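Close look at the chain arrangement
One letter stands for each residue in the lines below.
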Amino acid sequence: MINFDHIEVHVRNSKIYAEFLLKLFDGGRVKNIAEKNIFMFLSKDNLHIEIKEVKIINNEIDIDSHIGFCLPCLRIKNALNHINKLDGIKIIKTINNPDGECIFFKDYEGILWHIKDYEHLDLFVNI
């Protein structure tokens, strides 16, 4: 079974955006999950949104950053085997989370995703 884990949103001020999401969704929970003001928002119906701040240089958003929703994340055991079965996938990088590997890849449309090679909600999402 493939599980949807979370989606990211990149913003100018993550703390203020976390407060905005609490108001927009009329509640939920927010937790600071990492340095650099990275927060996880959990709505009442279990939607997970990771909130990260973009890099701002000379009052402008860094060329490698962007504002908006991005990087949908899935979870499945044997993630690499799963995505290797799909056409048009290009693996960008792999990182090691405390619970296992996380593989970043682009689909055939150029959309960047990531997939965790484990099935459970980890400590970053399960707030």
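In what follows, the structure referred to is the one given above.
Residues numbered from 1 in each chain as written. Predicted model: local features only at pLDDT ≥ 70, side-chain atom pairs only at ≥ 80, totals over all residues. Heavy atoms only, no water.

**Details of the overall build of the protein chain**
- Counting its secondary structure elements, the protein chain contains two helices and ten strands.
- Across the protein chain, helices and strands are ordered from the amino to the carboxyl terminus as β-α-β-β-β-β-β-β-α-β-β-β.
- Compactness check: the protein chain gives a C-alpha radius of gyration of 15 Å against a globular reference of 14 Å for 127 residues, within 12% of the reference.
- C-alpha atoms of the protein chain, sized along the principal axes, occupy 40 × 35 × 25 Å.
- Buried residues in the protein chain amount to 38% of all 127 residues.
- Counting only contacts in the protein chain whose residues sit at least 6 apart along the sequence, the fraction spanning at least 24 positions is 51%.
- Looking at the protein chain as shown, the accessible area adds up to about 8100 Å², and 52% of this sits on carbon and sulfur atoms.
- Mean positive and mean negative side-chain charge positions of the protein chain (16 and 19 charges, respectively) differ by 3 Å. (Helix = DSSP H or I, 4+ residues; strand = E, 2+ residues; numbered from the N terminus. Rg over C-alpha atoms; globule rule 2.2 N^0.38 Å. Buried < 20%, exposed > 50% of the residue type's maximum accessible area, 1.4 Å probe, protein only. Contact = heavy atoms within 4.5 Å. Areas by Shrake-Rupley, 256 points an atom, 1.4 Å probe, with all protein chains shown as cover. Lys, Arg positive; Asp, Glu negative; His and termini not counted. Charge placed at Lys NZ, Arg CZ, Asp CG, Glu CD.)

**Comments concerning the sheet that holds strand β4 (residues 48–53)**
- Reading across from one edge, β2-β3-β4-β1-β7-β10-β9-β8 is the order of the eight strands in this open sheet, with mixed pairing throughout. Every other strand in the sheet has two partners, leaving β2 (29–34) and β8 (90–97) as the edge strands with one partner each. When strand polarity is set aside, the average angle formed by the axes of neighbouring strands in this sheet is 25 degrees.
- Alignment of β2 against strand β3 (residues 38–42), held across five bridges, turns out to be antiparallel. The residue bridging Asn32 from the neighbouring strand is Phe39, located in β3.
- On top of the sheet, helix α1 (residues 14–24) reaches β1 (3–11), β2, β3, β4 and β7 (68–75); it is set at about 155 degrees to β4, its chief contact. (Pairing = 2+ DSSP bridges. Axes fitted to C-alpha atoms, helices over the stretch in contact; angles between N-to-C directions.)

**A closer look at the pattern of salt bridges**
- In this structure the tally under the stated criterion is six salt bridges.
- The shortest N-O distance in the salt bridge between Glu8 and Lys52 comes to 3.6 Å. Here Glu8 is found in strand β1, whereas its partner Lys52 is found in strand β4, with 44 residues between them in sequence.
- A relative accessible area of 2% means that Glu8 is categorised as buried. (Salt bridge = Lys/Arg side-chain N within 4 Å of Asp/Glu carboxyl O.)

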